[in-house]
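Chain by chain, the residues run as shown.
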Amino acid sequence: MKLIDFTAIYTIWLREMKRFFRARSRLIGSLAMPLFFLVFLGMGFNAAFKFSDMPPGIDYIAFLAPGIIGMVLLFNSITSGMSVIWDRQFGFLKEIMVTPVSRVSIALGKTLGGMTTALLQGFLILLIAVGIGFKITGVLGLLSSVICMILIATSFVCLGLIFASIINDMQGFHLIVSLFTFPIFILSSALFPLEQLPLWLKYLTYINPLTYGVDGLRYSLIGMAHFSLTLDLFVLVCFCAFMICLSTYFFRSVEVN
Amino acid sequence: MEYAIEIEELSKKFGDFTAVSNINLNIEKGEIFGLLGPNGAGKTTIIKTLATLLQPTSGFAEVWHHNILKEQDAVRRSIGIVFQDPSVDTELTGRENLDFHARMYGLNREERERRINEVFDLVELNDRAKVFVKFYSGGMQRRLEIARGLMHYPKVLFLDEPTLGLDAQTRRRVWAYVKRLNKEEKVTVVLTTHYMEEADYLCDRVAIIDHGKIIALDKPNNLKNAIGEDIISLRVSDGGNFSDMLSKFEFIKEMKLHDDFLFLSVENGEKMIPRIMHLAHEDGVFVHSVSLRKPTLEDVFLHFTGRTIREQEASAKEQNRMKAKASMRMGGKR
Ligand SMILES: Nc1ncnc2c1ncn2[C@@H]1O[C@H](COP(=O)(O)OP(=O)(O)OP(=O)(O)O)[C@@H](O)[C@H]1O
Ligand SMILES: [Mg+2]
């Protein structure tokens, strides 16, 4: 058995794509909340506050947009683990598991599929943000933002996959996912700058990988960063590699009934 | 003799519970072999273990000369499997389901195209190939699953309750496919079932399983002979006289009289009824009603275990499968 079977990975990815594009209503549903955040939170705080550390020319909406992209990536990545739960529920997981394809390849196919769908949704939010007046610094920035998006999405798809490997039912999965996603989201710099935070809160955000993701996105898109892009990418790459290993490890122990 | 499957002292425990207990069994190449038994007997567990989806607790087995513990990859390539519960992606079309399967087994484009058409032909679903599986009927889904199991030219095909929940007509069609693929594709078939008539019609040999053990293993005919004859029950006007009269005849192996009910054990019951009617007429006995009962799995089971399979079980399970399907349709609509 080949450990990495590219045909199989592609096959699994292809199926995820078909399912994704056929469930358009789900896509619209998943974009509603972040748009709400972006528009109303953005406008509301834009008028109410001026964050003192904001560089000139950057308003709160511009600050918020990369954070919301990070949020979309986070939520959609983690919940993509659902596909494993669905497959188990509807018996298709057995069909996948009985094929002569290594568990590692199956996990990688699922990861790639989840990553692509999360990425597409992140991109859609970016497009909408640009549509309502969000300005991007340049092509190079766009490119590095895509890299950040891929790394964020892949890492959290893996987290979702780990949850799906150890939890069998949907309710349990949803519970664990929301237990994790909200702190990760709130304790990243998605909604507010890190500069003025109390020290203990700052440290909490520093151990949160999404902080580096959002920071990298923000630097790429509007040229504003708390850390440096190098540090952001370094942390993201390490976290991503670690999560891929961990998720393939967990996925190997998946039992099918 | 070349065996398709060799099972030695195979056991499977779930915690303290022994689902399969020291099974020894050889299945011949080209055979249609049946595993017959009540709910929870361990049929599915045996099949899943052979298909490498479950690890045996002890013992071992070879499928197409490959060790199920050490050569999982080779075993998986040699087998096709139709699971007891639905296992198709209802959000894909029938063709896409087969295409997914073929790609996972590494068939190239040309092989895929040809084979998909072949197996669709076999199960007569060509005209439904491009329809989403959520719009298939239960029988069509089952046929799709059988087609899928055949995609990659397996040597051994496992069918776990292939006709559960199907109407009589579809059941007959599935039987015909199984016979045909066994003959045309030279596939060894291992199937599980509740239905004696299914085992009887399809299987070359049958193992009766109870509590994880094989309690009988033979050709269906021999099993039936072991149970004995058909039972004719008659309600007659003058049971006492008539039974005295019938006791002279050799063809009646056994006779019981309860009030005006007369129970006769005979061979080939359907042929004997006219003769008995004729005798009754000659004797001036009026027959109110007559019924014939063929030995069923129930009787086979009763014979070998001394207890009956609860009648509700098969139908309860059919409902479960239907329920699973219904919830799947609903889930698919999300
Ligand atoms: N994953 C599991 N964990 C615990 N017990 C299990 C598991 N799978 C099966 N069992 C138990 O093992 C026994 C055999 O189950 P199995 O599914 O093999 O029966 P079966 O003969 O296929 O029955 P049916 O006719 O209902 O399909 C049952 O008592 C079942 O409860
Ligand atoms: Mg079963």
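Summary of the structure given here.

So, how was this worked out
Residues numbered from 1 in each chain as written. Chains lettered and ligands numbered in written order. Predicted model: local features only at pLDDT ≥ 70, side-chain atom pairs only at ≥ 80, totals over all residues. Heavy atoms only, no water. Helix = DSSP H or I, 4+ residues; strand = E, 2+ residues; numbered from the N terminus. Rg over C-alpha atoms; globule rule 2.2 N^0.38 Å. Contact = heavy atoms within 4.5 Å. Areas by Shrake-Rupley, 256 points an atom, 1.4 Å probe, with all protein chains shown as cover. Lys, Arg positive; Asp, Glu negative; His and termini not counted. Charge placed at Lys NZ, Arg CZ, Asp CG, Glu CD. Donors = N, O, S within 2.8 Å, 3.2 Å for Na, K, Ca; no water. Buried < 20%, exposed > 50% of the residue type's maximum accessible area, 1.4 Å probe, protein only. Salt bridge = Lys/Arg side-chain N within 4 Å of Asp/Glu carboxyl O. Phe/Tyr/Trp six-rings, centres within 6.5 Å; stacked < 30°, edge-to-face > 60°. Lys NZ or Arg CZ within 6 Å of the ring centre and 35° of its normal. Buried area = accessible area lost by both parts, 1.4 Å probe. Nonpolar A, V, L, I, M, F, W, Y, C, P; charged D, E, K, R; others polar. Axes fitted to C-alpha atoms, helices over the stretch in contact; angles between N-to-C directions. Parallel < 35°, antiparallel > 145°, perpendicular 65-115°, else oblique. Left-handed = near helix turned anticlockwise from the far one by under 90°. Pairing = 2+ DSSP bridges. Expected span 1.5 Å × (residues − 1).

Re the overall build of chain A
Then, in step 1: On a plain count of helices and strands, chain A comes out with 11 helices and zero strands.
Then, in step 2: Helices and strands in chain A line up, N terminus first, as α-α-α-α-α-α-α-α-α-α-α.
Then, in step 3: In summary, chain A has a C-alpha radius of gyration of 19 Å against a globular reference of 18 Å for 257 residues, a match within 12%.
Then, in step 4: Projecting the C-alpha coordinates of chain A onto the three principal axes gives extents of approximately 60 × 35 × 35 Å.
Then, in step 5: Considering only residue pairs separated by 6 or more positions, chain A has 79% of its internal contacts joining residues 24 or more positions apart.
Then, in step 6: Per element, the accessible surface of chain A, about 11,100 Å² overall, is 73% carbon and sulfur.
Then, in step 7: Across chain A, the mean location of the 16 positive side-chain charges is 8 Å away from that of the 11 negative side-chain charges.

Here we look at the coordination of the magnesium ion (ligand 2)
Residue and element names in this part refer to chain B.
Then, in step 1: Taken together, the protein ligands of the magnesium ion (ligand 2) are T44 (OG1) and Q84 (OE1), with distances of 1.8 to 2.1 Å. Here the residue T44 occupies a position in helix α1 (residues 43-50), and Q84 occupies one in the loop between β6 (79-82) and α3 (94-104), the gap between them amounting to 40 residues.
Then, in step 2: Its relative accessible area of 15% is what places Q84 among the buried residues.

Quick notes on the pattern of salt bridges
Residues and elements named next belong to chain B.
Then, in step 1: Taken as a whole, this structure holds 22 salt bridges over all chains when the rule is applied.
Then, in step 2: R180 is paired through a salt bridge with E184; the nearest N and O atoms lie 3.8 Å apart. Here the residue R180 and the residue E184 both occupy positions in helix α6 (residues 168-184), the gap between them amounting to four residues, near one helical turn.
Then, in step 3: Residue classification places R180 among the partly exposed positions, given a relative accessible area of 32%.

Some thoughts on the packing of aromatic side chains
Then, in step 1: Applying the stated criterion across every chain, the model contains 18 aromatic pairs over all chains.
Then, in step 2: Seen from their ring centres, F20(A) and F21(A) are 5.1 Å apart, and the 75° between their planes marks the pair as edge-to-face.
Then, in step 3: Classification of F21(A) as partly exposed rests on a relative accessible area of 44%.
Then, in step 4: Both rings, one in F75(A) and one in F182(A), keep their centres 5.5 Å apart while their planes meet at 80°; by these two values the pair is edge-to-face. Here F75(A) is found in helix α3 (residues 60-79), whereas its partner F182(A) is found in helix α8 (residues 170-186), with 107 residues between them in sequence.
Then, in step 5: Among the aromatic residues, ring-to-ring pairing joins F37(A), F75(A), F182(A) and F185(A) into one connected group.
Then, in step 6: Above the ring of Y201(B), the side-chain terminus of K179(B) is found at 5.1 Å from the ring centroid.

Structural notes on the interface of chain A and chain B
Then, in step 1: Taken together, the contact between chain A and chain B spans 26 residues of the former and 29 residues of the latter.
Then, in step 2: Summed over both sides, the interface between chain A and chain B buries roughly 2,800 Å², with carbon and sulfur atoms accounting for 62% of that surface.
Then, in step 3: Viewed at the interface, chain B and chain A are joined by five salt bridges.
Then, in step 4: Taking the shortest distance from any N to any O, the salt bridge between E96(B) and K18(A) comes out at 3.7 Å.
Then, in step 5: For the side of chain A that touches chain B, the elements supplying multiple residues, two or more each, are α1 (6-22) and α5 (92-97) of chain A.
Then, in step 6: The residue inventory of the side of chain A that touches chain B, partitioned by class, reads 14 nonpolar, five polar and seven charged.

So, the packing of α3(A) against helix α10 (residues 209-222) of chain A
All names here are of chain A.
Then, in step 1: Packing of α3 against α10 leaves a shortest axis separation of 9 Å and a crossing angle of 135°. Relative to α10, α3 is oriented oblique. The chirality of how α3 crosses α10 is right-handed. Counting all contacts with α3, which are made through A62, F63, P66, G67, I69, G70, L73 and L74, the residues of α10 involved are L210, V214, L217, R218, L221 and I222.

Some details on the pairing of strand β12 (residues 254-258) of chain B
Walk down a regular strand and you will see the side chains alternate between the two sheet faces.
Residues and elements named next belong to chain B.
Then, in step 1: Here five bridges tie β12 to strand β13 (residues 261-266), and the two strands are oriented antiparallel to one another. Paired with M255 across the bridge in β13 is L264.
Then, in step 2: In textbook terms, the turn of a hairpin is the stretch between consecutive antiparallel strands, and for β12 and β13 this stretch comprises two residues, one of which, D259, has a positive phi near 50°.

With respect to the sheet that holds strand β5 (residues 66-67) of chain B
All names here are of chain B.
Then, in step 1: Taking strand neighbours across the sheet as the criterion, the four strands line up as β2-β1-β4-β5 in an open arrangement whose pairing is antiparallel. Where the open sheet ends on each side, the last strands, each with one partner, are β2 (17-28) and β5.
Then, in step 2: Helix-sheet contacts for α1 involve β1 (3-14), β2 and β4 (58-63), and the interaxial angle to β1 is about 115°.

Quick word on the side chain of T93(B)
Then, in step 1: Inspection of the secondary structure puts T93(B) in the loop between β6 and α3.
Then, in step 2: Its relative accessible area of 10% is what places T93(B) among the buried residues.
Then, in step 3: Ignoring anything within four residues of it in the chain, the contact list for T93(B) reads R22(A), A129(B), K130(B), V131(B), F132(B) and V133(B).

Structural notes on the sheet that holds strand β9 (residues 205-210) of chain B
All names here are of chain B.
Then, in step 1: Overall, mixed pairing links the six strands, which are arranged β6-β7-β8-β3-β9-β10 in an open sheet. Both edges of this open sheet fall to β6 and β10 (213-218), since each of them pairs with a single strand only. Averaged over all pairs of adjacent strands, the angle between their axes in this sheet comes to 15°, without regard to strand direction.
Then, in step 2: Pairing analysis gives five bridges linking β9 to β10, with the strands arranged antiparallel. Within the sheet, the bridge partner assigned to V206 lies in β10 and is D218.
Then, in step 3: Packed onto the sheet, α1 meets β3 (32-36), β6, β7 (156-160), β8 (188-193) and β9 and runs at close to 150° relative to β7.

Points about helix α11 (residues 229-252) of chain A
Residues and elements named next belong to chain A.
Then, in step 1: Here α11 spans 34 Å end to end across 24 residues, near enough to the 34 Å set by a 1.5 Å rise per residue.
Then, in step 2: Every buried residue belonging to α11 is among L229, D232, L236, F239, C240, M243, S247, T248 and F251, and all of these are buried.
Then, in step 3: Where α11 is buried, its residues touch α4 (82-89), α5, α6 (103-131), α7 (139-166) and α10.

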